[in-house]
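Analysis of the macromolecular model
Spelled out from the first residue to the last, the chains are:
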Amino acid sequence: MAALLAAGLAGLAGCGGGQQQGEPVAPPPPVTPEPPVTPPVTPPVTPPVEPPVPPVKPPPTAAIEVMDRCVAPRTGVFYPDRQGTLADELDFLRLYTDETYLWYKEVPKDLKQSSYTDPLAYFKDLKTPLLTASGQPKDKYHFTYTSAEWDDIEQGVDLGYGVQWVRSSASGSVPRVWHVSGVAPGTAADFAGLQRGDRLIGLDGLDFVNASGADSVARLNAALFPVAAGEQHRYVVARGERQLDVVMVAARVVTPPVPVAKVLSTGSAKVGYLLFNEHTGVAENQLIKAFSQFQAAKVSELVIDLRYNGGGLVLVASELAYMVAGPLQTEGKIFERPVGSDRIAPRQPTAFRSKAIGFSSLDPAKSGTELPYLGLKRVTVLTGPGTCSASEMLINSLRGVDVEVTIVGGATCGKPYSFSPAPNCGITYFMVQYQSYNQKGQSDYADGFAPTCPANDDLSRALGDPAEGQLSVALQYMASGSCPAAAARARAAAAPLMTPVRPQGREIAVQPAAR
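Please read these numbers as outputs of a predicted model, since none were measured by experiment. (Residues numbered from 1 in each chain as written. Predicted model: local features only at pLDDT ≥ 70, side-chain atom pairs only at ≥ 80, totals over all residues. Heavy atoms only, no water.)

So, helix α9 (residues 314–325)
- Its 12 residues place the ends of α9 17 Å apart at the C-alpha level, agreeing with the 16 Å of an ideal helix rising 1.5 Å per residue.
- When you tally the buried positions in α9, you get 12 out of 12 residues, the bulk of the element.
- All buried positions along α9 are accounted for by Val314, Leu315, Val316, Ala317, Ser318, Glu319, Leu320, Ala321, Tyr322, Met323, Val324 and Ala325.
- Just past α9, the residue Gly326 takes up positive phi, approximately 80°. (Helix = DSSP H or I, 4+ residues; strand = E, 2+ residues; numbered from the N terminus. Expected span 1.5 Å × (residues − 1). Buried < 20%, exposed > 50% of the residue type's maximum accessible area, 1.4 Å probe, protein only.)

The following block contains the structure:
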């Protein structure tokens, strides 16, 4: 017992305080502190800079906004053209049609500009498709020219031979029956000896009367309508039993619009005869000289031969009407009132002009010159299917101020419409914009004016010959107040009804530029 107690005490002594016995206790290793953890910093994200979106250009709303913006601008100081696109040219046509076309409400609404690659094709479709009661197109007067061609037409310039043709066959049909109706002096046709009444039978080795097929027709057209001065083509014409084989060289030709002005004596009356072929600026001074001659001769009757006159400038027609009627019948009255659609600004009526405008020509009238006049109460007009536009306006306007107009010949073409040509990018566009009314509000000649006395063209005699068919009937009517007897009418109608061969631009009434 004592031994166990001693052993237990010894063990307690080894575990108590005081001097340490046995293995020393190792100190803990130094603790290296962990560096503080810095949370990751996310750099700010800069959003990509989008390029500014250009403002969407609104579509044009007026033709003037895109006028002269061209796919291929002409160069030169005289041209207003700017670089543009096909869409610009098509937009111009659409907007100009909407703004000015007389029948804009009837233009098809389903025309898609995106399907057109040519402004001319688009313009061709921008018109009324409606037909008249007789089944004819309501609008037969929708056409274009290059602006250079139209400039020539305005100046009375033709590229050709100085010969005027009339035809009795439908255009393009065979057998073709074409005759010379007139020859301008000093031209290739004049030097070749062609005469009124000659019948065309051959061209460049082809049978003109009967040739058919695309190649032959193309060759015929190339000879008839040259495209460059200096072209040479061989013509064969028949004159009775004779044939003339001639070579003619094309040139730029100015055909006189008033080739004949003469005084005829018929019993006690003096009759003025005026052959008037085109209402151009060139005609102004020629008409003044003719009426000065008539005034000096104290003519009491007047025959105006319009059978080949397709029209032209409205202002020239108004001057002619004044020279016929004089101031007592025209003062304070209108020559014509152009009426357009509900979208076009109203135009001022055209007055009977008593003073010369002074159109540019080789022999111009002085601007402001007082016009000579006859002061007639009646006038006789010779007509045919080639009497159109401004010529019909002349008849209608004289009747509007109570001048008695006797018509001898054939029915006129029926065109109570006028135009303001629209040039754009080298093309001049023509669409019907106005219907013309006289002082009495009359405009009822869409089917033409019917003749008082029917009489067909007489190609066997010179124009102005008192024995020529139409003029002979006119003189007989003046003398008796009635048309010739049936036998005389039959003789006058022996020749076929003839239609002039000419471009559409010579069958037009052109309004002056709006003021």
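That was the structure; now back to the text.
As for the state of the cysteines
- One pass over the full model with this rule turns up 3 disulfides.
- A sulfur-sulfur distance of 2.3 Å marks the disulfide that ties Cys388 to Cys413. Here Cys413 lies in the loop between β19 (404–409) and β20 (417–418) and Cys388 lies in the loop between β18 (378–383) and α11 (390–400), a separation of 25 residues in the sequence.
- With its sulfur 1.9 Å from that of its partner, Cys453 forms a disulfide with Cys483. Its S-S torsion of about -95° marks the bond between Cys453 and Cys483 as left-handed, since a negative value means left-handed. Within this pair, whereas Cys453 is found in strand β24 (residues 453–454), its partner Cys483 is found in the loop between α12 (469–480) and α13 (486–492), the two being separated by 30 residues in sequence. (Disulfide = S-S within 2.5 Å.)

Some words on the packing of aromatic side chains
- Per the stated rule, a full pass over the model turns up 20 aromatic pairs.
- Judged by centre distance (5.6 Å) and plane angle (15°), the rings of Phe92 and Tyr96 are stacked. Of this pair, Phe92 and Tyr96 both sit in helix α3 (residues 86–100), 4 residues apart, which is roughly one turn of that helix.
- For Phe92, a relative accessible area of 2% translates into the label buried.
- The class for Tyr96 is buried, based on a relative accessible area of 17%.
- Both rings, one in Phe335 and one in Phe352, keep their centres 5.5 Å apart while their planes meet at 85°; by these two values the pair is edge-to-face. Highlighted residues: Phe335 in strand β16 (residues 334–339) and Phe352 in the loop between β17 (350–351) and β18, separated in sequence by 17 residues.
- By relative accessible area, Phe335 is classed as buried at 0%.
- Joined through ring pairs, the aromatic side chains of Phe143, Tyr145, Trp150, Phe419 and Phe430 make up one cluster.
- The positively charged end of Arg176 is found above the aromatic ring belonging to Phe208, 5.8 Å away from the centroid. (Phe/Tyr/Trp six-rings, centres within 6.5 Å; stacked < 30°, edge-to-face > 60°. Lys NZ or Arg CZ within 6 Å of the ring centre and 35° of its normal.)

Looking at the packing of α9 against α11
- Running from amino to carboxyl end, α9 crosses α11 at an angle of 40°, the nearest separation of the two axes being 9 Å. Here α11 runs oblique to α9, going by the angle between their axes. Every pair of crossing elements has a handedness; the one defined by α9 and α11 is right-handed. Note on element contacts: α11 touches α9 through Ala390, Met393, Leu394 and Leu398, opposite Val314, Ala317, Leu320, Ala321, Val324 and Ala325.
- Classifying every residue of the contact of α9 with α11 by side-chain character gives 10 nonpolar, no polar and no charged. (Axes fitted to C-alpha atoms, helices over the stretch in contact; angles between N-to-C directions. Parallel < 35°, antiparallel > 145°, perpendicular 65-115°, else oblique. Left-handed = near helix turned anticlockwise from the far one by under 90°. Contact = heavy atoms within 4.5 Å. Nonpolar A, V, L, I, M, F, W, Y, C, P; charged D, E, K, R; others polar.)

Let's talk about unusual backbone geometry
- The omega torsion of the bond from Val174 to Pro175 falls at -5°, within 30 degrees of zero and hence cis.
- Checked against the element boundaries, Pro175 lands in the loop between β5 (163–167) and β6 (178–183).
- Positive phi is not limited to glycine here, since Asp204 has a value of about 50°.
- By the secondary structure assignment, Asp204 is in the loop between β7 (199–203) and β8 (206–207).
- Assessed through its relative accessible area of 27%, Asp204 is described here as partly exposed.
- A positive phi is found at Asp402, a non-glycine position, where the angle reads about 65°.
- Checked against the element boundaries, Asp402 lands in the loop between α11 and β19.

Brief notes about a nonpolar patch on the surface
- Nonpolar side chains collect at one region of the surface, where Val77, Phe78 and Tyr79 lie side by side and expose about 420 Å² of accessible area between them.
- By the element assignment, Phe78 lies in the loop between β1 (69–70) and β2 (82–83). (Patch = residues over 30% accessible without salt bridge, like charges linked within 9 Å, V, L, I, M, F, W, Y side chains within 5 Å. Areas by Shrake-Rupley, 256 points an atom, 1.4 Å probe, with all protein chains shown as cover. Salt bridge = Lys/Arg side-chain N within 4 Å of Asp/Glu carboxyl O.)

Thoughts on the sheet that holds strand β22 (residues 427–430)
- The sheet built from 3 strands is open, its strands ordered β3-β22-β21 with antiparallel pairing. Looking along the sheet, the strands with just one partner apiece sit at the ends: β3 (143–146) and β21 (422–424). Strand-to-strand twist in this sheet, taken as the mean axis angle between neighbours without regard to direction, amounts to 25°.
- Bridge analysis of β21 against β22 gives 3 bridges, and the strand direction is antiparallel. Within the sheet, the bridge partner assigned to Asn424 lies in β22 and is Ile427.
- The sheet strands contacting helix α5 (residues 147–154) are β3, β21 and β22, and the helix crosses β3 at an angle near 90°. (Pairing = 2+ DSSP bridges.)

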